[in-house]
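Below, each chain spelled out in residue letters.
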Amino acid sequence: MASEDEINLLVIVVDVNPIWWGQQAQREPELTLSKCLDAVMVLGNSHMAMTRTNKLAVIASHCQDSHFLYPNKNWRGGDNGGEDASSSGDGKYELLSVANNLIAEEIRNVMTKTEVRGNSTETLLAGSLAKALCYIHRVSKEVEVGQEIKSRILVVKAAEDCARQYMNFMNVIFAAQKQNILIDACVLDSDSGLLQQACDITGGLYLKIPQKIALAQYLLWVFLPDSEQRSQLVLPPPAHVDYRAACFCHRNLIEIGYVCSVCLSIFCNFSPICTTCETAFKIQLPQMVKPKKKKLKQST
Amino acid sequence: MASLSEEVLLVVKKVRQRKQDGTLYLMAERIAWGPEGKDRFTVSHLYADIRCQKISPDGKAKIQLQLILHTGESTTFHFSNESSALKDRDAAKELLQQLLPKFKKKANKELEEKNRMLQEDPVLFQLYKDLVVSQVISADEFWANRLGDMNNSDPTPYNNKQDVGISGAFLADIRPQTDGCNGLRYNLTADIIESIFRTYPAVKQKYGENVPHNLTEKEFWTRFFQSHYFHRDRINTGTQDIFSECAKQDEKGLKSMVVQGVKNPLVDLLSLEDKTLDEGYGVSTTTPSTSNANRTVKESSNAAIIKRFNHHKVPFFFSSETSSTDGNSRDSDFFQPPVKKVRLQEAIEYEDLQRENRLKTVALNLKKSDRYAHGPVPLQSQHYTTSQDIINSVNHIRHEMVNYKPNLTQVLSSTAASSAITALSPGGVLMMTGTQQAINQMIPTEVQGELKHLYAAAGELLRHFWSCFPVNSPFLEEKVMKMKTNLERFQMTKLCPFQEKIQRQYLSTNLTGHLEEMLQTAYSKFHVWQTRRMLRKT
């Protein structure tokens, strides 16, 4: 049970890459972007319904930009609120209906403004995460003095990883770790090494869903409880993360390699000159050993 | 019976032990007693085993000597010769006093060392218990390597004996006891005598001159304590005292040191004076002549204490300059300016407040900095989407989302939900990896602890075993064979019962697999070595 004073902020980053979703709609029509957004909305509503002080934010991560679906600037208007509340008509908690309507409206706007561009087909996830961190930071500053706020980020990922965003991604991860912000990941299609690392470093949960149509169930079961409650529940155990680095020359994953002491670039074979910073190195060849040498104790 | 080669230092007849008459023999390395009429010794103690000896007080009827051993046992000898019992006993006591210290240090030191090592290191202690107490290897083997390592690598602080300092209150500690009728009794031990000699070298000199020619030791010390030299007054009355010369010598010594001066240019001893501000805070002009007489009386009573303080402090004050003064005393004037400068500089500069000298750095010169942009991630197969695909997808999505309306009542079907729940419940598809991680929670902690001890013991034995290779000398050959039998014994006595125990507890995990593997490697190595040896011999 959270104390009265504690505010829990959940930021959901939804990957709305139109290319992937468009192709997905043709591959498996069971889960479309609409269904996905419905499931996310259900999670958002549940989160806000848990405690009055819970807050929500939803960011759409597109290949052109990142867009805040909720809350957005149009919300503050009082007359708008009145109309929407009466229009829903089913006696729903006002906050929830307002949120849902806003999200729906925004996503419609975002998707209709999608332009066709050949060069950028990848989701700008690192940027969305950075925006989420900034939002969390702003909210924690706006809160009253003495009030605690706990935040976490949930990433619903659809498309594949983008290797070019590696640096920014890692920076975001470490910034989140410093701020004690959990990053959870719900992956729909292909495993994402970057998100696995993010979850491992910040202490969040990484889950790749076996059945896409049950997305809502997975979201509610695994990602609705916050970090304190998770310790009391039996949730999927953390997966083993492959932290092996790839060598700079071949981009193969290696376990043991050579590292240049000047520029820290990793190589799988020794070369006398580092190709990145052009430092020369000498290496001692192993000495000739006598044929009868002591057999070292084997260690496994 | 004593071996013929043993040298007998003293024989005392008519010594009783346990109410039996007999003879006491003091030999080169041991003390022994045999009953009268028999040739064998019933009691024999090595000097190394004796912790200390005690004698009965002078007044008692029975003249006895007691030996206390390290183990705590004690043996009492009663000297029953009517005429010479006391002399015999004293002779025995003196001889023992000389001999015991020689043997004492050797035995103690080793034992103490071993005990200390065992107490300090609980891992070593456990190893000792596992290996020696359960007789897998003998204690000598155990200590053979350890003590060798200690002596070679780390010269223990016990070897470097520091000089024991003199306690500041030692003179006060010699509390005299009243002897009944107006006399005082001082108890002097060797330590106290040494302290007195170190504090007052003049007394040592006098001791060397007078004892034992002119005075006995007892007389010397009596006179010492009687002399005013010892007491606080230090009023040099009468020259009958041999110690008055000491006082004069001390004064001369002090004066010469003051004249010699301190080499610290910032300190000027000669200008120090006892200046007191008289009444009027130094402003008044009262004639000092009237108070002269008073002053001398006061001065003389303070002078004694001041002299004592100076005598104590002077060695400290001047000893700090010994390193620099010895060579430079002649050229002190010539060298004075630099020394003074150094001193002044020392006083005004602080090293850590000065600006740091930044090291010159080299700029990083990267030729291919784009390598860092993607970081050390492996190359992943790119999905290449044709432009046609892109256009199609975008159009499709746009079409779909134009009329998006959230339909929150139809988000999830019950079958989908239940299958998801099954996957997420314990035992489901997603929960499988969890059980494998709990191995250290499944095994009880005592079993874990025992396993750790087994590993430590096995590691020790294997270390001895593997250090024998390559086998160059017959000593190593023997050791290898011994270690192999030790390993086998270890396996039988320790490892197998442990395995049975965990099997009985239905712990299915294989905890001892690795240990067995290590032992098997050792056995196979031994086997190979043995066959090679056989081939060489034939």
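Throughout this description, residue numbers start from 1 for each chain and increase along the sequence as written. In the order they appear in the text, chains get letters beginning with A and ligands get numbers beginning with 1. It should be noted that, the model being predicted, local features are given only for residues of pLDDT at least 70 and side-chain atom pairs only at 80 or more, the latter also being counted only at that level, while totals for whole chains, interfaces and linings use all residues. Where side-chain values are given, they derive from all heavy atoms of the structure, hydrogens and water being excluded.

Caption draft 1: Fine view of the overall build of chain B. Within chain B, the regular secondary structure consists of 18 helices and 9 strands. Across chain B, contacts joining residues at least 24 apart in sequence account for 52% of those joining residues at least 6 apart. Here the accessible surface of atoms and residues is derived via Shrake-Rupley with a 1.4 Å probe, and residues count as covered only by protein chains that are part of the display. Roughly 37,700 Å² of accessible area belongs to chain B as shown, and the carbon and sulfur atoms make up 53% of that amount. Strands here mean DSSP runs of E at least two residues long; helices mean DSSP runs of H or I at least four residues long; both are numbered from the N terminus. Contact definition: two residues touch when any of their heavy atoms are within 4.5 Å.

Caption draft 2: Structural detail: the overall build of chain A. In terms of regular secondary structure, chain A is built from 9 helices and 10 strands. Here chain A holds 300 residues, and the buried ones make up 49% of them. Expressed as a percentage of contacts within chain A between residues at least 6 apart in sequence, the contacts between residues at least 24 apart total 65%. Looking at chain A as shown, the accessible area adds up to about 15,600 Å², and 52% of this sits on carbon and sulfur atoms. Only protein chains enter the accessibility calculation, which uses a 1.4 Å probe; a residue is then buried when its area is under 20% of its type maximum, exposed when over 50%, and partly exposed in between.

Caption draft 3: Here's a closer look at the confidence of the model for chain B. Residues and elements named next belong to chain B. Confidence scores labelled pLDDT are given residue by residue by the predictor and lie between 0 and 100. Residue-level pLDDT values for chain B average 75, and 70% of them are 70 or greater. When mean pLDDT is compared element by element in chain B, helix α18 (residues 513-537) scores highest at 90, while helix α10 (residues 322-328) scores lowest at 43. Scored below 50 in pLDDT, residues 287-293 makes 0 contacts in the model with residues more than four places away or belonging to other chains. Below pLDDT 50 for its whole length, residues 321-333 participates in 6 contacts with residues either more than four positions away or in separate chains. Overall fold confidence (pTM) sits at 0.52, and the ipTM for the predicted complex is 0.78.

Caption draft 4: Structural view of the sheet that holds strand β1 (residues 8-17) of chain B. Residues and elements named next belong to chain B. Taken in spatial order, the 7 strands make up an open sheet running β4-β3-β2-β1-β7-β6-β5, and their pairing is antiparallel. For this open sheet the edge positions go to β4 (43-46) and β5 (50-55), each flanked by a neighbour on one side alone. The mean inter-strand angle of the sheet, taken between neighbouring strand axes irrespective of direction, is 25°. The pairing of strand β2 (residues 20-27) with strand β3 (residues 30-35) spans 5 bridges and is antiparallel. By the bridge assignment for β3, G22 is matched with P35. Strand pairing is assigned whenever DSSP identifies at least 2 bridges connecting the two strands. To define axes, lines are fitted to C-alpha atoms, for helices over the stretch in contact only, and angles between the resulting N-to-C directions are given on a 0 to 180 degree scale.

Caption draft 5: The arrangement of the sheet that holds strand β1 (residues 7-15) of chain A in detail. Residue and element names in this part refer to chain A. Strand order in the open sheet made by the 6 strands is β3-β2-β1-β4-β5-β6, with mixed pairing throughout. Edge positions in the sheet fall to β3 (66-70) and β6 (206-208), since each of these pairs with one other strand and no more. Averaged over all adjacent pairs, the angle separating strand axes in this sheet is 20°, with direction ignored. Sheet topology note: the β1/strand β2 (residues 55-61) ladder contains 7 bridges and is parallel. Bridge pairing in β2 links I12 to V58. Packed onto the sheet, helix α7 (residues 193-202) meets β4 (149-157), β5 (182-187) and β6 and runs at close to 145° relative to β5.

Caption draft 6: Seen up close, the side chain of R89(B). Relative to the assigned elements, R89(B) resides in helix α1 (residues 85-120). Residues contacting R89(B), with those up to four places away along its chain left out, are I55(B), S56(B), D58(B), I63(B), Q64(B), L65(B) and F79(B).

Caption draft 7: Layout of the pairing of β4(A). Residues and elements named next belong to chain A. In terms of residue burial, β4 counts as a mostly covered element, since 7 of its 9 residues are buried. Where β4 meets β5, 6 bridges bridge the pair, whose relative direction is parallel. Following the sheet pairing, K157 is matched in β5 by V187. With helix α6 (residues 166-178) bridging β4 and the parallel β5, this β-α-β connection has right-handed handedness. If the strands point away from the viewer and the path from the first strand over the helix to the second runs clockwise, then the crossover is right-handed.

Caption draft 8: Fine view of the pairing of β2(B). Bridging between β1(B) and β2(B) involves 7 bridges; their strand directions are antiparallel. When the sheet's bridge partners are listed, Q17(B) is paired in β2(B) with Q20(B).

Caption draft 9: Region of interest: the pattern of salt bridges. Residue and element names in this part refer to chain A. Should a side-chain nitrogen of Lys or Arg be within 4 Å of a carboxyl oxygen of Asp or Glu, the pair is scored as a salt bridge. Applying the stated criterion to the full structure yields 16 salt bridges over all chains. Its salt-bridge partner being E122, residue R164 comes within 3.2 Å of it at the nearest N-O pair. Remark: E122 occurs in the loop between α4 (94-112) and α5 (125-142) and R164 occurs in the loop between β4 and α6; sequence separation between them is 42 residues. Residue R164 is classed as exposed on the basis of its relative accessible area, which comes to 62%.

Caption draft 10: Highlighting the packing of aromatic side chains. The rule is short: rings of Phe, Tyr and Trp, with Trp giving its six-membered ring, pair when the centres are within 6.5 Å, and they are stacked under 30 degrees, edge-to-face over 60, tilted in between. Overall, the coordinates contain 8 aromatic pairs over all chains when judged by the stated rule. Geometrically, the ring pair formed by F465(B) and F469(B) is edge-to-face, given 5.4 Å between the ring centres and 65° between the ring planes. By relative accessible area, which is 6% here, F469(B) ends up buried. Residues F526(B) and W529(B) carry aromatic rings whose centres are separated by 5.7 Å and whose planes lie at 45° to one another, so their mutual orientation is tilted. With a gap of 3 residues between them, F526(B) and W529(B) both fall in helix α18, about one helical turn apart. The residues F526(B) and W529(B) share a single accessibility class, namely buried. Pairwise contacts between aromatic rings join F465(B), W466(B) and F469(B) into one cluster. The aromatic ring of W20(A) is capped on one face by R27(A), whose charged end is 5.7 Å from the ring centroid. The lysine or arginine in question, K525(B), covers the ring of F469(B), its NZ or CZ lying 5.0 Å from the ring centre. The criterion for a charge sitting over a ring is simple: Lys NZ or Arg CZ within 6 Å of the ring centre, and within 35 degrees of the ring normal.

Caption draft 11: Structural view of the interface of chain A and chain B. Each side of the interface is counted separately: chain A has 71 residues, and chain B has 58 residues. Both faces considered, chain A and chain B share a buried interface measuring about 5,800 Å² in area, 67% of it formed by carbon and sulfur atoms. Taken together, the links from chain A to chain B amount to 0 salt bridges. Here a polar contact means two N or O atoms within 3.5 Å. Within protein one must be a hydrogen donor candidate and the other an acceptor candidate, and residues neighboring in sequence count only if both atoms are side-chain atoms. On the surface where chain A and chain B come into contact, there are 8 residue pairs in polar contact (both at pLDDT 80 or more). When two parts are brought into contact, each loses some accessible area as probed by a 1.4 Å sphere; the total of that loss over both is the buried area.

Caption draft 12: Region of interest: unusual backbone geometry. Residue P71(A) is bonded to the preceding Y70(A) through a cis peptide linkage, with omega at -15°. Along the chain, P71(A) falls in the loop between β3 and α3 (78-88). For the bond running from F469(B) to P470(B), omega is -5°, close enough to zero to count as cis. Position of P470(B) relative to the elements: it lies in the loop between α16 (445-467) and α17 (474-504). For L264(A), which is not glycine, the phi torsion reads 60° and is therefore positive. Within the secondary structure, L264(A) is located in the loop between β9 (258-259) and β10 (266-267). The exposed category is assigned to L264(A), whose relative accessible area is 59%. Even without being a glycine, R18(B) presents a positive backbone phi close to 55°. On the secondary structure map, R18(B) appears in the loop between β1 and β2.

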